[in-house]
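# Understanding the architecture of this molecule
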Amino acid sequence: MISQILTILGVLIGALTSYLSTAAAERARHRRALATRWDERKLDTYIEYATCVKEIADLAKRAYQAPDGSDDREQFLSAMNKAEQKRSALFEALILLASPATTEAATAVNPVVWRVLGAARRRESDPREISLVEELNNYHRQARLDLGISIGHQAP
């Protein structure tokens, strides 16, 4: 009788151990899949935000160069305004997904974008003279760090 109880106890312990190890492995796999999914979403958001910023800068330069009152200028200004709305929405998504350092870097890009927009709208100055390079480079650096992307040679 004792040997049967020990056998049943051994089977129960084995089953419980098997269940617990399988459950732990499944939880770990699920966490990895979730992390991968969020990293993919972050990467997409980071790329879309940077692309949108560059699009705004390009449209602002084109709007500035187009003659006052021309259809080209109006089209460039309209496209620039739509791109700014998109950038604003992307920034909100970025805030939800990004690390604090990446959020801070993107936040530093915003005022420069607004200066570019103002220069194109009011023709106060040439938008080409307002550089986004330093802020975008810092944004890219922080995004890579957030995603765990290691680049062998990074600019200072």
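Keep in mind it's a predicted model, so treat the numbers as computed, not measured.

A separate point is the overall build of the protein chain. Scanning the protein chain for helices and strands turns up four helices and zero strands. Traced from its N-terminal end to its C-terminal end, the protein chain shows the element sequence α-α-α-α. Relative to the 2.2 N^0.38 estimate, which gives 15 Å for 156 residues, the radius of gyration of the protein chain is 26 Å and therefore markedly larger than a compact globule would have. Overall, the protein chain is about 100 × 35 × 20 Å in size when its C-alpha atoms are taken along their principal axes. Here the protein chain holds 156 residues, and 32% of them are scored as buried. Summarising the internal contacts of the protein chain: among those between residues at least 6 apart in sequence, 71% fall at separations of at least 24. Side chains of the protein chain carry 21 positive and 20 negative charges; the gap between the two charge centres is 6 Å.

Attention now moves to the environment of T45. When you line up the elements, T45 lands in helix α1 (residues 2-65). Judged by its relative accessible area of 1%, T45 is buried.

Under the criterion given, the structure shown has three aromatic pairs. Pairing Y46 with Y139 gives two aromatic rings, centres 6.2 Å apart and planes at 75 degrees, and the pair type is edge-to-face. Of this pair, Y46 sits in helix α1 while Y139 sits in helix α4 (residues 133-147), placing them 93 residues apart in sequence. Classification of Y46 as buried rests on a relative accessible area of 4%.

Here we come to helix α2 (residues 71-97). With 27 residues, α2 should reach 39 Å at 1.5 Å per residue; the first-to-last C-alpha distance of 39 Å fits that figure. Restricting attention to buried positions, one finds in α2 the residues R73, L77, M80, A83, E84, R87, L90, F91, A93, L94 and L97.

Core analysis: the biggest nonpolar cluster contains 32 residues, and Y49, M80, V109, L132 and Y139 have the highest contact counts within it. Residue assignment for this core shows that the elements contributing at least two residues are α1, α2, α3 (100-122) and α4. The element contributing the most residues to this core is α1, with ten residues. Once you skip the residues sitting within four places of it in the chain, Y49 turns out to touch R87, L90, F91, L94, A106, V109, N110 and Y139.

Mapped onto the secondary structure, D68 falls in the loop between α1 and α2. For D68, a relative accessible area of 58% corresponds to the exposed category. Setting aside residues up to four positions removed in sequence, D68 forms contacts with R73 and R123. A distance of 2.7 Å separates polar atoms of two side chains, one belonging to D68 and the other to R123.

This brings us to the pattern of salt bridges. Opposite charge on two side chains makes pairing possible when the charged atoms of those side chains draw close. Enumeration over the complete set of coordinates arrives at six salt bridges. Residue D146 pairs with K42 through a salt bridge whose shortest N-O separation is 3.1 Å. With D146 in helix α4 and K42 in helix α1, this pair connects stretches of sequence that are 104 residues apart. D126 is the partner of R128 in a salt bridge, and the nearest nitrogen-oxygen pair spans 2.6 Å. R128 sits in the partly exposed class, given a relative accessible area of 44%. Members of the salt-bridge network, linked through shared partners, are D68, R73 and R123.

Conventions and cut-offs
- Residues numbered from 1 in each chain as written.
- Predicted model: local features only at pLDDT ≥ 70, side-chain atom pairs only at ≥ 80, totals over all residues.
- Heavy atoms only, no water.
- Helix = DSSP H or I, 4+ residues; strand = E, 2+ residues; numbered from the N terminus.
- Rg over C-alpha atoms; globule rule 2.2 N^0.38 Å.
- Buried < 20%, exposed > 50% of the residue type's maximum accessible area, 1.4 Å probe, protein only.
- Contact = heavy atoms within 4.5 Å.
- Lys, Arg positive; Asp, Glu negative; His and termini not counted.
- Charge placed at Lys NZ, Arg CZ, Asp CG, Glu CD.
- Phe/Tyr/Trp six-rings, centres within 6.5 Å; stacked < 30°, edge-to-face > 60°.
- Expected span 1.5 Å × (residues − 1).
- Core = buried A, V, L, I, M, F, W, Y, C linked by side-chain atoms within 4.5 Å.
- Polar contact = N/O pair within 3.5 Å; in protein donor to acceptor, adjacent residues only side chain to side chain.
- Salt bridge = Lys/Arg side-chain N within 4 Å of Asp/Glu carboxyl O.

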